[in-house]
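Chains, contacts and geometry: an overview
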Amino acid sequence: MAIRIKARAGESAEQLLRRFKKICEKEGLTKEVKKRQYYEKPSERKRREVRRPPPLELGRPGAATGREGSPGVKAGAKGKSSKTAGGRGMSRGRSE
């Protein structure tokens, strides 16, 4: 994709360059150039895409986590810790 910029009347070279950089960034060219600066093997690209976390949903509070209410409180927990539930918690100092 070619980006063409015409100098406005009375615009300095610095302002023209700043406007060009802003347009390139808006189009995503700077990210693309940085990404293609070095060769990335297809297997590495797939591994990176698998490791990438899913995009967060923006909007109302609690929408991204699926939780409502105060943070850290699990619905239906009723005071039981997951570590001690049923005696299957971590043992301290013993090997079984």
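Residues numbered from 1 in each chain as written. Predicted model: local features only at pLDDT ≥ 70, side-chain atom pairs only at ≥ 80, totals over all residues. Heavy atoms only, no water.

**Notes on the confidence of the model for the protein**
This is how it is decided: As a per-residue measure, pLDDT reflects the predictor's confidence and takes values from 0 up to 100. Going along the chain from the N terminus, every DSSP run of H or I of four or more residues is numbered as a helix, and every run of E of two or more is numbered as a strand.
On average, residues of the protein score 77 in pLDDT, and 61% of them reach the 70 mark or higher. For the protein, helix α2 (residues 29–35) is the element with the lowest average pLDDT, namely 90, and helix α1 (residues 13–27) is the one with the highest, namely 93.

**Structural notes on α1**
Keep this limit in mind: Here, expected helix span is obtained from the residue count minus one, scaled by 1.5 Å.
The terminal C-alpha atoms of α1 lie 21 Å apart, and with 15 residues this matches the ideal 21 Å at 1.5 Å per residue to within 8%. Positioned one or two residues after α1, Gly28 has a phi angle of 85°, which is positive.

**What about the pattern of salt bridges?**
Here is the rule: Think of a salt bridge as a Lys or Arg side-chain nitrogen and an Asp or Glu carboxyl oxygen that are within 4 Å of each other. Whether a residue is buried, partly exposed or exposed follows from its accessible area with a 1.4 Å probe, protein chains only, as a fraction of its type maximum: under 20%, in between, or over 50%, in that order.
Following the criterion strictly, the structure yields three salt bridges and no others. Put simply, Arg36 and Glu32 hold a salt bridge, and the shortest N to O gap is 2.3 Å. Take Arg36: its relative accessible area is 62%, and that puts it in the exposed class. Looking at Glu32, the relative accessible area reads 29%, which means it is partly exposed.

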